[in-house]
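# A closer look at the structure
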Amino acid sequence: MYLSELTKLPGVSGNENCVRSFIKEKVEPFCDRIEIDSIGNLLAFKKGYMDTGKTLMLCAHMDEVGLIVSRITEEGFLKFKTVGGIDPRVLVSKRVLVGNKQLPGVIGRKAIHLLSADERKQAPKVKELYVDIGAKNKKDAEKRVAVGDYIAFASRTVTFGDNLMKAKALDDRVGCSVMLELLKEPCPWDLCFAFTVQEEVGLRGAKVCAKRVKPDLALVLEGTTCSDTPGTDVSGVSTRLGGGAALSLIDGATVYNRELVLKLHKLATDAGVTVQFKQTATGGNDAGAIHLASGGVPTVSVSIPARYIHSPSSVISLSDYEAVRETARLLMQEVDNV
Amino acid sequence: MFELLEKLCMTPGPSGCEKQIRELIEKEISPFVDSVETDVMGNLIAHKKGNGKKLMFAAHMDEIGLIATCHGEKGQVYVAGLGGVDPYASLYQRVQFLNGAQGVVAPDGKADLLKDLKLGQLYVDVGAKCEEEAKELVAVGEAGVFVGDFYEQNGCVISKAMDNRVGCFVLMEAIRRMKKHQNDLYFVFTTSEEVGLRGAKTSVHTVEPDYAVVLDVTRAGDIPSAEKVALEMKKGVVIKVMDRGFIAHPIVNDRMVTLCKERNILYQMAALANGATDAGAIHLSGGGVPTGCIAFPLRYMHTTGETVAKSDIENAIDLTTVLIEEGII
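The rules behind each value
Residue numbering note: each chain is counted from 1, following its sequence as written. Working convention: letters from A go to chains and numbers from 1 go to ligands, in the order in which they are written. pLDDT decides what is reported in this predicted model: residues at 70 or higher carry local features, side-chain atom pairs at 80 or more are listed and counted, and totals for whole chains, interfaces and linings draw on all residues regardless. Any two strands between which DSSP finds at least two bridges are classified as paired. In this description a helix means any DSSP run of H or I spanning at least four residues, a strand means any run of E spanning at least two, and both kinds are numbered starting from the N terminus. Every angle, taken between N-to-C directions, lies between 0 and 180 degrees, and every axis is a line fitted to C-alpha atoms, over only the stretch in contact when it is a helix. Domain delimitation follows an automatic or database domain assignment. Placing a C-beta atom from the backbone of each residue, one calls two residues in contact when those atoms lie within 7 Å. When residues are grouped by polarity, Ala, Val, Leu, Ile, Met, Phe, Trp, Tyr, Cys and Pro land in nonpolar, Asp, Glu, Lys and Arg in charged, and all others, Gly among them, in polar. Put plainly, a residue is buried at 20 or more neighbouring C-beta atoms within 10 Å of its own, exposed at 12 or fewer, and partly exposed in between, counting only other residues' C-beta atoms, which are placed from the backbone. With respect to orientation, any angle under 35 degrees is reported as roughly parallel, any angle over 145 as roughly antiparallel, any angle of 65 to 115 as roughly perpendicular, and every other angle as oblique.

## A short note on the sheet that holds strand β1 (residues 33–36) of chain A
Residues and elements named next belong to chain A. Pairing in this open sheet of eight strands is mixed, and the strands run β1-β2-β12-β3-β13-β16-β14-β15 from one edge to the other. This sheet does not close on itself; its edge strands, each paired only once, are β1 and β15 (275–277). The mean inter-strand angle of the sheet, taken between neighbouring strand axes irrespective of direction, is 25 degrees. As paired elements, strand β13 (residues 217–225) and strand β16 (residues 299–306) share eight bridges and run parallel to each other.

Have a look at this one:
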């Protein structure tokens, strides 16, 4: 399993190169053909063991949420913008790595005792934050950083508790890792393993690749929200950690084909794989772009529940990881019967 | 004639779950077209062969609805909206799920009924005593529609799902009435319009039309709560010049205006800042498709009291029929 290695790589949307290179090296021995398309998606094609003329596309996005340098102040601090959906409340005091040289920095904000009463009541705004790279001044900072450099979270990947893992970028390196594990899995249909870019900024890589691949069925492997934590009403609990692979029936971007999802649910349940339905209707993933590509593509999403998603410390259960992988494996084996 | 409209309105078809309504439409139009097929997104695409340019008519057949997302300990069925569901309009309405189960939309303990009511604070009471019983009746992912019967009065028809069964009805009537045609015709009954024009995106890609005309409802401007637009009930079929999602192409609009004048069909032009239809997706597909929109003034959109004037519907049928018969050359 490459999950631990994958989560350590920086890959903020638009800057997926490190992740792509890593994946390319791993898929090359097992695929017939590899393409990197104009937007940066890595497409690995493999013939099926039958001659059906049909293609199953597995899809996971390589990019992660992060930051980008927008300005360097006279004092040498880095102002930034967010890339993808980030709650500014998770940013203060977090460690980051800036640019391709992985320069360490820390996110700062005006100290609590200097905040006005009103400011204290409000969540921090991105424009109030900055990255401190320890530079003396602007000139000093400019020697090492340029406007447009990407900033990724710095976060150790650790296992803890009841078979859990904490890391950054689990959304969606889990999907990438699962696909790498399934490269050798036999499938009657032709396969395309699509590692997409720029999901976090609007499913952009998927839009391009779905039109290119024209699959007959698509399986999106994703990370999804998991708020099975204190303070959440029952109607807000989307998935449960350890509850298994989460199948989506609806989200903000897709109304899934219910019959297809129920078939996959049954396939998994019958094989003893733990699955759950995602129980909220919000969010969205590459399926939103794929199912509408060209004349339409039947699409299912299988996700891993991730607590504190889009933060430097997201948490998954490794048993859920296995459930996602096994559900995907079953679909590959039984693709003719769903 | 309006019995068919009633049947269309009473047949459930929330976004993404249009099987029943699609089957009804297919049965009704099959005798009058050369072929009918259903695509991946569930769009019903009917073809009437012709020699001229490809002209596509599109009417969405989905309606707004609810979908079960999870259950509460006391047997609550929590739901999310399929399309633009107004929590206030939903409160205490009856819901019919596609499996036949019914329930009432009720507020949970945290709902403030006077301010900022959210769909997440509402649940459907299906009369279940506990979570297990509720799950048995309505599983996660089960979709439903609001209950609201069909009534005719004083030249108006009132029902749930008038958005956009009126469009389907007008197109179906025109298909039935056409005596000749000029264009290579595609009649598309689209899916998932209410959740983002989704069926239109894929079907227009398949059809690749030269011209397109969308049939959909539009908010009437002649009630006290309406924004100020010149758009009144019983003043004729609406030819849209623009809405939030598209600007009509002059080739299509000029043709429709000319035909209305020639045949003395009562019509009104509308330029709107809000509202969007399948035209928004269709006119931007491929290298672009010259597109127009035939609309019908509707009061109380996305409620069970959607009201439309019969005369406007008849004007729309006349325009659609003559557009099919005379074509866009």
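There is more to say after this.
## Here's the deal with the domain arrangement of chain B
Residue and element names in this part refer to chain B. Domain parsing of chain B yields domain 1 (2–62 + 160–326) and domain 2 (65–146). Taken together, the contact pairs 12 residues of domain 1 with 14 residues of domain 2. A per-class count over the side of domain 1 that touches domain 2 returns five nonpolar, five polar and two charged.

## Focus on unusual backbone geometry
Note that the residue after A:Asp171, namely A:Asp172, is joined by a cis bond; omega there is 15 degrees. Within the element layout of this structure, A:Asp172 appears in helix α5 (residues 170–181). Here the amide bond leading from B:Asp163 into B:Asn164 is cis, since omega sits at 10 degrees, within 30 degrees of zero. Looking at where B:Asn164 falls in the secondary structure, it is placed in helix α5 (residues 162–177). One non-glycine residue with positive phi stands out, namely A:Asn163, at about 60 degrees. Residue position: A:Asn163 is located in the loop between β10 (158–160) and β11 (164–167). Assessed through the 14 C-beta atoms surrounding it within 10 Å, A:Asn163 is described here as partly exposed.

## Observations regarding the environment of B:Ala220
Residue and element names in this part refer to chain B. When you line up the elements, Ala220 lands in the loop between β13 (211–219) and β14 (237–242). Classification of Ala220 by C-beta neighbours within 10 Å gives buried; the count is 24. As a C-alpha pair, Ala220 and Leu284 span 64 residues in sequence and 26 Å in three-dimensional space. With residues near it in sequence (within four places) discarded, Ala220 still touches Ala226, Leu231, Glu232, Met233, Pro297, Leu298 and Arg299.

## Brief notes about the packing of helix α7 (residues 250–262) of chain B against helix α9 (residues 310–326) of chain B
Residues and elements named next belong to chain B. For the pair α7 and α9, interaxial distance at closest approach is 10 Å and the crossing angle is 110 degrees. As summarised for this structure, α7 and α9 are arranged roughly perpendicular, according to the angle between their axes. Here α7 contributes Met256, Leu259 and Cys260 to the contact with α9, which in turn contributes Leu319, Val322, Leu323 and Glu326.

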